[in-house]
Amino acid sequence: MPRKPKLFTIGYEQTPPKAVLDELEQAGVKLLVDVRAVTSSRRPGFSKNQLAAGLQERGIAYLHLKGLGTPKEGRLAARSGDIKTLQRIYAKHLKTPQAKEEMDELATLVSKAGPVCLLCYERDHKNCHRTFIAEIIEDKQGVAVENLVAPQL
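Just so you know, these numbers come straight off a predicted model, no measurement behind them.

K.L.:
Hey, could you run me through the nonpolar core in this one?
P.N.:
In summary, soluble globular proteins display a tendency toward joint burial of nonpolar side chains. One finds Leu7, Val33, Leu68, Leu106, Leu118, Ile133 and Ile137 to be the most contacted residues of the largest nonpolar core, which totals 25 residues. Taken together, the elements giving at least two residues each to this core come down to strand S2 (31-34), helix H3 (72-79), helix H4 (83-93), helix H5 (97-112), strand S4 (116-120) and helix H6 (130-141). Per-element tally for this core: the top contributor is H5, with 5 residues. Here Leu7 is in contact with Val110, Val116, Leu118, Ala134, Ile137, Val143, Ala144, Val145 and Glu146, once residues within four sequence places are set aside. Ile10, Tyr12, Ala19 and Tyr62 belong to the second largest nonpolar core, which has 18 residues in total.

Quick look at the structure:
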């Protein structure tokens, strides 16, 4: 019986860029999909252009799907640990035309682009909207989801 293709997720909170890049490379990721609404970061190495450059050096492609990012009120709920509110806000957000279009794009990429990984800030995938995205893609594409965790600072 053939193995299911994998969809990885990773968060970079309290993690140095090299550790995240090493984790992605070790997992065999070919495409990193950034699902942050805002791609600037106070953490060196994790702003869009710096991240894309670091990935490129490792032969990993980069794509930002802004429409799959969490709206500001959802990010505030996540920071406060209110996962039920995050879930409610994000479910509503996923009904927007841009989110629907980008979710379809992601589903296609997962089936065609080789191992794909979703990236967001939160270290614990259970406290992040990327888990909701991964569950939808898992149901839609029949992939196995694996949450990567890079060593902390």
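K.L.:
Can you help me understand unusual backbone geometry in this one?
P.N.:
Excluding glycine, a negative phi dihedral is what most residues carry, and trans is how most peptide bonds are arranged. We note that Gln14 has phi near 55 degrees; this positive angle belongs to a residue other than glycine. Of note, Gln14 is situated in the loop between strand S1 (6-11) and helix H1 (17-27). Residue classification places Gln14 among the partly exposed residues on the basis of a relative accessible area of 44%.

K.L.:
How do you make sense of H6 when you look at a structure like this?
P.N.:
Residues that lie three or four places apart on an α-helix share one face, since the helix turns once every 3.6 residues. Here H6 spans 16 Å end to end across 12 residues, near enough to the 16 Å set by a 1.5 Å rise per residue. Among all positions in H6, only Arg130, Thr131, Phe132, Ile133, Ala134 and Ile137 are buried. Those residues of H6 that are buried are in contact with S1, H4, H5, S4 and strand S5 (144-147). Residue Gly142 follows H6 closely and has a positive phi angle near 70 degrees.

K.L.:
Can you walk me through the sheet that holds S5 in this structure?
P.N.:
Paired through their backbone hydrogen bonds, the strands of a sheet run either parallel or antiparallel. Reading across from one edge, S3-S2-S4-S1-S5 is the order of the 5 strands in this open sheet, with parallel pairing throughout. Because the sheet does not close on itself, it has two edges, and the strands there are strand S3 (61-64) and S5. Here the average twist between neighbouring strands, direction ignored, is 25 degrees. Relative to S3, S2 is paired through 4 bridges, and the arrangement is parallel. Bridge pairing in S3 links Leu31 to Ala61. Sitting on the sheet, H5 touches S1, S2, S3 and S4, and the angle it makes with S4 is about 135 degrees.

K.L.:
In this structure, what is going on with the packing of aromatic side chains? I would like to understand it.
P.N.:
Counting across every chain of the model gives 3 aromatic pairs. With a centroid separation of 4.1 Å and 10 degrees between ring planes, the pair formed by Tyr12 and Phe46 is classed as stacked. Of the two residues, Tyr12 sits in the loop between S1 and H1 while Phe46 sits in the loop between S2 and helix H2 (48-57), which places them 34 residues apart along the sequence. Here Tyr12 falls in the buried class, since its relative accessible area comes to 3%. Judged by its relative accessible area of 1%, Phe46 is buried.

K.L.:
Hey, could you run me through the layout of surface pockets in this one?
P.N.:
Gaps left between atoms are located by rolling a probe of water-molecule size over the structure's atoms. The volume enclosed by the largest pocket comes to roughly 620 Å³. Around the largest pocket, the lining is made up of 22 residues, and of these Tyr12, Arg75, Arg79, Tyr121 and Glu122 lie nearest the centre. The residue inventory of the lining of the largest pocket, partitioned by class, reads 8 nonpolar, 6 polar and 8 charged.

K.L.:
Can you help me understand the side chain of Glu122 in this one?
P.N.:
When you line up the elements, Glu122 lands in the loop between S4 and H6. Although Glu122 is buried, it forms no salt bridge, and the closest oppositely charged side chain is Arg130 at an N-O distance of 4.8 Å.

K.L.:
Before we go on, may I ask you to explain the packing of H3 against H4 in this structure?
P.N.:
Between two packed helices, the angle of one axis relative to the other and the distance separating the axes together describe the packing. Packing of H3 against H4 leaves a shortest axis separation of 8 Å and a crossing angle of 160 degrees. Our classification of the angle between H3 and H4 gives roughly antiparallel. The two elements H3 and H4 cross, and the hand of that crossing is left-handed. Here Glu73, Gly74, Ala77 and Ala78 of H3 come into contact with H4, specifically with Thr85, Leu86 and Ile89.

Here is what the cut-offs are and how they apply
- Residues numbered from 1 in each chain as written.
- Predicted model: local features only at pLDDT ≥ 70, side-chain atom pairs only at ≥ 80, totals over all residues.
- Heavy atoms only, no water.
- Core = buried A, V, L, I, M, F, W, Y, C linked by side-chain atoms within 4.5 Å.
- Buried < 20%, exposed > 50% of the residue type's maximum accessible area, 1.4 Å probe, protein only.
- Helix = DSSP H or I, 4+ residues; strand = E, 2+ residues; numbered from the N terminus.
- Contact = heavy atoms within 4.5 Å.
- Expected span 1.5 Å × (residues − 1).
- Pairing = 2+ DSSP bridges.
- Axes fitted to C-alpha atoms, helices over the stretch in contact; angles between N-to-C directions.
- Phe/Tyr/Trp six-rings, centres within 6.5 Å; stacked < 30°, edge-to-face > 60°.
- 1 Å grid on protein atoms, 1.4 Å probe; cavity = no way out; pocket = protein on both sides within 12 Å on 5 of 7 lines; lining within 4 Å.
- Points joined across faces, edges and corners; volume = space filled by probe spheres on them.
- Nonpolar A, V, L, I, M, F, W, Y, C, P; charged D, E, K, R; others polar.
- Lys, Arg positive; Asp, Glu negative; His and termini not counted.
- Salt bridge = Lys/Arg side-chain N within 4 Å of Asp/Glu carboxyl O.
- Parallel < 35°, antiparallel > 145°, perpendicular 65-115°, else oblique.
- Left-handed = near helix turned anticlockwise from the far one by under 90°.

Nothing here speaks to function; it is geometry throughout.
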